[in-house]
Amino acid sequence: MNPLVLKGVRPYGEGDPTDVLVRDGVIAAIGATAADGAAGAETVEGGGAVLLPGFVDLHTHLREPGREDTETIATGSAAAALGGYTAVFAMANTDPVADNAVVVEHVARRGREVGLVDVHPVGAVTVGLAGERLAELGAMARAGVRVFSDDGHCVHDPLLMRRALEYSKALDAVVAQHAEEPRLTAGAQAHEGEHAARLGLQGWPAAAEEAIVARDCLLAAQVGARLHVCHVSTAGAADVLAWAKARGTQVSAEVTPHHLLLTDDRLATYDPVNKVNPPLRTARDVERLRQALADGVIDCVATDHAPHAVQDKDCEWSAARPGMLGLQTALPVVVETMVRTGLLDWRGVARVLSERPAAIAGLPDQGRPVEVGEPANLVLVDPGARWVVRGAELASIAANTPFEGMELTGRVVATVLRGRVTAAGGRIAA
Ligand SMILES: NC(=O)N[C@@H](CC(=O)O)C(=O)O
């Protein structure tokens, strides 16, 4: 592999533009003379762009196997690379479910064949995501799984959740919980509040999330295991997390870009592109989630990238499936909600999009500092580029973005995986 020179880039957006030399997949030199003697090197013109560690998504639905009409590991990997990601965690709610070593090995192998991003399969906690008995966590751990989740479903039986935490502790893994008390959300269509009431939609109360977050924090503390909370969406859940962290519970949490930007006033459109699980909440929740992400109560941003077919979105609200695309819009939404608001600087962006998710999942070669000797998993960001989101132009097969037509700030210039350019100038590298 030829050396790579990133010319005129600003690590963490700090200082004057400089050059970065990448050789054999590692950052070999940083500075004005870094490119000297790198004959035959491939060059990326940075134009003063911000250089960060490559993003890590703990929560991606790649839909393969089973729903290759909406996304495949190849198209989802392309969306990830274009979005600045160097590693993604593929959720287990595929068909067949990734609840055994055969399916997780297939997903990992397919990810390696595509080669655009490290694809880490998430293993299901329970057989068939049915919430009745534990899946073969040990066999999946031997196949390399370090994150277990029934996402899309809550592991609502407290004894089963306790056992899952005990096993995952022994396996040095983490359980990522979709916090939704199902008895409180039966038939729910939208956040329980003024907008849902006006439209006559069955409500999804905040307490259904908060009760499970609180219960699971208590269980994790009891067992001494690590818990990760998926897609936190309410102010109350952030308060519970702050309390649990203050008392030393090993809990981490993610928030999605859409929950940082959108509110349930989107319900007025009656467009199911805005239907998602957990639902869009209130402006007060959005405000609290941003603050919690800024101060570390919420550790990271995860996309919950959830592609859906046209017939599952372009239909009446109650028949529509919940979920939104996220991989190619996460960065600009974080820029809009966290950077332009002054809540995070670029070191903070590196923390929430790369360092913390890599640490939570135990990835040794991702989320590393932009320093000589570190693996060259990198993303170059043009912080001021403005662009209009068009679902049809995204790399995913599905087009269900809630940001359709919105002008956002911040664009990925290039993504580098172990020293190889995977995406540049908005295109997948040959
Ligand atoms: N987040 C979503 O709205 N959808 C997810 C699963 C789920 O959490 O319901 C999906 O797989 O489509």
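Thresholds, definitions, all that
Residues numbered from 1 in each chain as written. Predicted model: local features only at pLDDT ≥ 70, side-chain atom pairs only at ≥ 80, totals over all residues. Heavy atoms only, no water. UniProt positions renumbered as here; feature names shortened; annotations may be inferred. Near = heavy atom within 4 Å. Polar contact = N/O pair within 3.5 Å; in protein donor to acceptor, adjacent residues only side chain to side chain. Areas by Shrake-Rupley, 256 points an atom, 1.4 Å probe, with all protein chains shown as cover. 1 Å grid on protein atoms, 1.4 Å probe; cavity = no way out; pocket = protein on both sides within 12 Å on 5 of 7 lines; lining within 4 Å. Sits in = over half its atoms within 2 Å of the grid points. Axes fitted to C-alpha atoms, helices over the stretch in contact; angles between N-to-C directions. Helix = DSSP H or I, 4+ residues; strand = E, 2+ residues; numbered from the N terminus. Parallel < 35°, antiparallel > 145°, perpendicular 65-115°, else oblique. Left-handed = near helix turned anticlockwise from the far one by under 90°. Contact = heavy atoms within 4.5 Å. Nonpolar A, V, L, I, M, F, W, Y, C, P; charged D, E, K, R; others polar. Buried < 20%, exposed > 50% of the residue type's maximum accessible area, 1.4 Å probe, protein only. Points joined across faces, edges and corners; volume = space filled by probe spheres on them. Pairing = 2+ DSSP bridges.

- If you check an unreviewed UniProt entry, the protein appears there as Dihydroorotase from Saccharothrix algeriensis.
- One UniProt comment on the protein, placed under Function (unreviewed entry), says "Catalyzes the reversible cyclization of carbamoyl aspartate to dihydroorotate."
- Annotation of the protein in UniProt includes, under Pathway (unreviewed entry), the sentence "Pyrimidine metabolism; UMP biosynthesis via de novo pathway; (S)-dihydroorotate from bicarbonate: step 3/3."

## A word on the site of the ligand
Logical step 1: Among the 13 residues in the neighbourhood of the ligand, the closest are listed as Arg 63, Asn 93, Asn 277, Asp 304 and His 308.
Logical step 2: Here an oxygen atom of the ligand sits 2.7 Å away from a polar atom, N or O, in the side chain of Arg 63.
Logical step 3: Within the complex, 93% of the 320 Å² of free accessible area of the ligand lies under protein.
Logical step 4: When atom positions are compared with the pocket grids, the ligand is found to occupy the largest pocket.

## Notes on the packing of helix α1 (residues 73-82) against helix α2 (residues 101-114)
Logical step 1: For the pair α1 and α2, the least separation of the axes is 9 Å and the interaxial angle reads 60°. Put simply, α1 runs oblique to α2. Handedness of the α1/α2 crossing: right-handed. Contacts between α1 and α2 pair Ile 73, Ala 74 and Ser 77 from the former with Val 107, Arg 110, Gly 111 and Val 114 from the latter.
Logical step 2: In terms of residue class, the contact of α1 with α2 is built from 4 nonpolar, 2 polar and 1 charged.

## As for the packing of helix α4 (residues 158-170) against helix α7 (residues 206-223)
Logical step 1: Where α4 contacts α7, the axes come no closer than 10 Å and their chain directions differ by 45°. Between α4 and α7, the interaxial angle falls into the category oblique. Seen along the crossing, α4 lies across α7 with a hand that is right-handed. Each of Pro 158, Met 161, Arg 162, Leu 165, Glu 166 and Lys 169 in α4 lies in contact with α7, whose residues at this interface are Arg 215, Asp 216, Leu 219, Ala 220 and Val 223.

## Describing the UniProt feature "binding site: Zn(2+) 1" (unreviewed entry) in the protein
Logical step 1: As annotated in UniProt, the feature "binding site: Zn(2+) 1" (unreviewed entry) corresponds to His 59, His 61, Asp 151 and Asp 304 in the numbering used here. In summary, the annotated positions, though distributed over 246 residues, converge in three dimensions, the widest C-alpha pair being only 9.7 Å. Restricting the annotated residues to those that line the largest pocket leaves His 61, Asp 151 and Asp 304.
Logical step 2: The topology assignment puts His 59 in strand β5 (residues 55-60).
Logical step 3: In this structure His 59 comes out as buried when scored by relative accessible area, which is 0%.
Logical step 4: Excluding anything up to four places from it in sequence, His 59 contacts Phe 89, Met 91, Asp 151, Cys 230, His 231, Glu 254, Ala 302, Thr 303, Asp 304 and His 305.
Logical step 5: For His 59, the side chain forms a polar contact with the side chain of Glu 254, separated by 2.7 Å.

## Looking at the layout of surface pockets
Logical step 1: Size it by volume and the largest pocket reaches roughly 500 Å³.
Logical step 2: Considering the residues around the largest pocket, the lining is formed by 28 residues, among which Arg 63, Asn 93, Gly 152, His 308 and Arg 321 are closest to the centre.
Logical step 3: Of the residues belonging to the lining of the largest pocket, the class tally is 8 nonpolar, 13 polar and 7 charged.
Logical step 4: As a volume, the second largest pocket reaches approximately 370 Å³.
Logical step 5: When residues of the lining of the second largest pocket are assigned to their parent elements, the largest contribution, 4 residues, is made by strand β7 (residues 118-121).
Logical step 6: Classifying every residue of the lining of the second largest pocket gives 11 nonpolar, 6 polar and 6 charged.

## A word on the sheet that holds β7
Logical step 1: What the 3 strands build is an open sheet, ordered β5-β6-β7; its pairing is parallel. Two strands lie at the open edges of the sheet, namely β5 and β7, each paired on one side alone. Between one strand axis and the next, the sheet turns by 20° as a mean value, whatever way the strands run.
Logical step 2: The pairing of strand β6 (residues 85-90) with β7 spans 4 bridges and is parallel. Counterpart to Ala 90 in the pairing with β7 is Pro 121.
Logical step 3: Strand contacts of α2: β6 and β7, with the helix running at about 175° to β7, the strand carrying the most contacts.

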